[in-house]
Amino acid sequence: MYEKFYGLKGKPFSLLPDPEFLYPSKKHRMALTLLEYGLMNQASFSVITGDIGTGKTTLIRQLLKQMERDMVVGLITNTHPSFGELLQWILMAFNIECGSRDKVEMYKTFMDFLIQQYAANRHTVLIVDEAQNMGPQALEELRMLSNINSEKDQVLQVILVGQPGLRENLRDPRLEQFAQRISVDYNLEPLSQEETREYIRHRLHIVAGSPDLFDDEACEAVFHYSGGIPRLVNLLCDTALVYGYAEQTARIGAPLIEDVARDKQKSKIVPLRQLASEAADDANKQVSEPPAGEKGWDASGPAGRKMRIAIASDSERQRNYLKMMLERSGLKVVATVPIGEEIIAQLNREQVDVLLMDLDEGAHRSHDLDRLIERVHSECSIPVLFNDSSSASTGGAITDLGRKLTLKLTSLIGRG
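For clarity, every value in this text was computed on a predicted model and none was experimentally measured.

1. Let's talk about the packing of aromatic side chains
At step 1: Summed over the entire model, instances satisfying the criterion amount to 8 aromatic pairs.
At step 2: Each ring, one from phenylalanine 45 and one from phenylalanine 178, has its centre 4.3 Å from the other, and the planes form 40°; the classification is tilted. With a gap of 133 residues between them, phenylalanine 45 in strand 1 (residues 45–50) and phenylalanine 178 in helix 7 (residues 176–180) connect regions that are remote in the sequence. Across the pair, phenylalanine 178 and phenylalanine 45 agree in class, each one buried.
At step 3: Judged by centre distance (5.9 Å) and plane angle (35°), the rings of phenylalanine 94 and phenylalanine 110 are tilted. Here phenylalanine 94 is found in the loop between helix 3 (86–93) and helix 4 (103–119), whereas its partner phenylalanine 110 is found in helix 4, with 16 residues between them in sequence. Residues phenylalanine 94 and phenylalanine 110 agree in their burial class; the two are buried.
At step 4: Grouping aromatic residues by their ring pairs yields a cluster made of Phe5, Tyr6 and Tyr245.

Next comes the structure, spelled out in structure tokens:
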């Protein structure tokens, strides 16, 4: 959608855990180094924790990408008790066939597999993602599975990845023996403000984008609302690029990030780390007040009805943009048409309150336009507001431009 407009080879802020986009922050480098150390030194258990969206899964994908060929890896992502027997999931993770669901039989099958791999000089690694869902019983079962060792080598290595709740689970007194076997333990913290800025630029670089596509103030705003959580950074930045494309904005600034954060906040779904400013909402409330001396009108129309707008522009993209912008500002767009005589057929005083005519690229700055406006006034008795499309490319936020047009439209109706 926006890739071509911004000259990007792909989506820089996808929510998928793609190791190609892994930003090597000091924290992520340390976590990856410790995991590599654990594998090289045959650590029985390695534990990586971090808040939701800090990049744990992406880190594991990178680890898998660079693992040696002599390693046999099984990955489990479903760890909730309702998913069933842990041993079944372990067998599935390593593609091990077992004709019985008897626990003793499954255990013996897995032990035979481990011994076979060791005899073939292959290391067996089990990675458990979302491990915070595992209770003491499941964790203790993992410990028992790791008891099969040779005199010098660890036959099974386990990497646990999960949210901070995993650390709390491992502090359970019943898991003291388990905790003593943890050789690697690291908590992945969010990015700092400087790291957030570099993270944004790093991901833009991967898709051949301009490092300055998001200015410093925008990066600071992203950090403010994301708290340095990479997944939230991706969500805010990706949405900002969609908004920027809609506004035809060449560079993303802080006001546009504010718009994104405010809209996400209104949805009450995305858990932003800071609440968006209410200043714009206050401004919207002021817009909703009727002009001085006018009764019965607000920004939505008479008696609370939404103001009905017809948009005329020769640019289909500009018509779509203005429609989105005005509807986001609480107005109702009932028609979008090219500039020409056919406008008259679309303008019914009972259905349209005002015509917004966009003079894109100056194509209709002529006497023909003057005659057309005279017909609109005389035949339809509908007021006309002119908009210069160049104002849409100045980098202002959608709600800022929307409020300005709403004020103009309300004032125009009041005079009409």
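Okay, back to it.
2. Here's the deal with the pairing of strand 1
At step 1: Among the 6 residues that make up strand 1, 6 are buried, leaving the element largely enclosed by the rest of the structure.
At step 2: By the alternation rule, side chains of strand 1 split into Phe45, Val47 and Thr49 and Ser46, Ile48 and Gly50, which are all buried.
At step 3: For strand 1 and strand 4 (residues 156–162), the ladder comprises 5 bridges, and the chain directions are parallel. Bridged to valine 47 within strand 4 is leucine 160.

Here is what the cut-offs are and how they apply
Residues numbered from 1 in each chain as written. Predicted model: local features only at pLDDT ≥ 70, side-chain atom pairs only at ≥ 80, totals over all residues. Heavy atoms only, no water. Phe/Tyr/Trp six-rings, centres within 6.5 Å; stacked < 30°, edge-to-face > 60°. Helix = DSSP H or I, 4+ residues; strand = E, 2+ residues; numbered from the N terminus. Buried < 20%, exposed > 50% of the residue type's maximum accessible area, 1.4 Å probe, protein only. Pairing = 2+ DSSP bridges.

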